[in-house]
Amino acid sequence: MSNQNTNYHTSLERISSEVDPVLRKIQRINRRIDVKSGRIPHLITLLFKDMKKLLKIFKGIKNVNITAIPVIGSILSGFFTGILTEWPIYLKGLFVLGVLVVLFALLVPSYLKRMLIFNDPAFHLPSYKKQRKQEYDLISYAVENDISYAGLYDYVTGVLTKQENVSQTITVVTEQYNRDKAELKQENQLLKKQIAVKTNEWKQIIEEFNEEAMDMDIIQRYLIELLADVNVILFRIANGVYDITDLRFISGFTIYEELGKKELKKIYDVGTTGASPETIHVDNQKYKDYSVVAVSKGKLKEPKTNQPRNNYNIISYRMKLGVDGKKAWIMNFHMYDDINRKGWYLLRNSDIINNEEIFRLFHALSLIFYQQKEGGVRNVNRPSRKEGSFARN
């Protein structure tokens, strides 16, 4: 068994010395940028490179005393003399061109043959690949992957040097295979985990997108309803029947008026249980957690929410009224989040729409009611009921 290995080893060394030079040359050619040039351009390039040789031949022929050749010499001498003296210049040029074409035509088969010889300067790899495909297929893997028999020889040398026999070599290869297999298995498991994580992330993104799209549809429907409610109120204003109760299109509410800095008085209670205190002293500890007290004491411009019981919210919003803006009302929206989803989307959830504009709408409608109550809406010429009324189409 050892002798057989040694013979293989020696054979590899011999093959390396004979084949590797050819492989290296073909690999170098294969790496060049112009390796895909066609056969015809390559052939023309070779012909022009050898033009100098042809010119030297012509010069050599010119220096030969043709007349010294019996019979043929005198004929050729007379022929060339006629060309040089009697033929026009263009005929001379055509004659020379024709001679060159004939010479090139005679040389083409020789060049085509040389283009398939490894060690010939005229060797052309694309032509070899095409004309001798079966031969090239035997070495194509080595050429395209820069493999040499010398490398294989060195590898086998290292294996034979380190191992005492074939069984030990098999052991080494088997152990390496098992290690590679274990690493590959570990990498596959890691990849599966990464894929699972990414899949879950994408599922979560898709679910969030679907939820957001659903929220958008819901909000769009609520906004359409809101627009319809506001249109009704505008017609009621135009027809002179607008009342504070018309503001109950999102939820029930209470309105407190600030009396100085310390006292709040309930002036309207629409659609609630009526349990809200009639008067609130802002410094009374009994009311310290009330949102209406927080917005009043802090003169807050943004709404404030408190939850007196589970899932039940009161949202308080302070509004300045009157020409001088010294009077202030605090509107409190009373609602259950799980029941009044319209109120939750329009007044509580600011992820998609700007709730500030909804509160500004209530401020504007409250201001109209207040000015109407105090003596008519400014800048609005409202006809009397006798002159007719406005109605929706």
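Up top is the structure.
Residues numbered from 1 in each chain as written. Predicted model: local features only at pLDDT ≥ 70, side-chain atom pairs only at ≥ 80, totals over all residues. Heavy atoms only, no water.

K.L.:
Break down the nonpolar core for me, with residues and values.
P.N.:
Counting 34 residues, the largest nonpolar core has Leu 247, Phe 249, Trp 329, Met 331, Leu 347 and Phe 362 as the members making the most contacts within it. Where this core is concerned, the elements lending two or more residues are helix H9 (166-238), strand S1 (252-259), strand S2 (263-270), strand S5 (312-321), strand S6 (327-336), helix H11 (341-348) and helix H12 (355-375). Per element, the largest residue contribution to this core is seven residues, and it comes from H9. Apart from the residues lying within four places of it in its own chain, the contact partners of Phe 362 are Leu 247, Phe 249, Ile 250, Met 319, Met 331 and Phe 333. (Core = buried A, V, L, I, M, F, W, Y, C linked by side-chain atoms within 4.5 Å. Buried < 20%, exposed > 50% of the residue type's maximum accessible area, 1.4 Å probe, protein only. Helix = DSSP H or I, 4+ residues; strand = E, 2+ residues; numbered from the N terminus. Contact = heavy atoms within 4.5 Å.)

K.L.:
Which residues make up the sheet that holds strand S3 (residues 279-281), and what values go with them?
P.N.:
The strand order across the open sheet formed by six strands is S3-S2-S1-S6-S5-S4, and the pairing between neighbours is antiparallel. Because the sheet does not close on itself, it has two edges, and the strands there are S3 and strand S4 (304-309). The sheet shows a mean angle of 30° between the axes of neighbouring strands, direction not considered. In this sheet, S5 lies alongside S4 in antiparallel orientation, the contact comprising four bridges. Bridged to Asn 306 within S5 is Ile 314. Contacts between helix H10 (residues 291-298) and the sheet are confined to S1, S2, S3, S4, S5 and S6, with S5 contributing the most and set at about 30° to the helix. (Pairing = 2+ DSSP bridges. Axes fitted to C-alpha atoms, helices over the stretch in contact; angles between N-to-C directions.)

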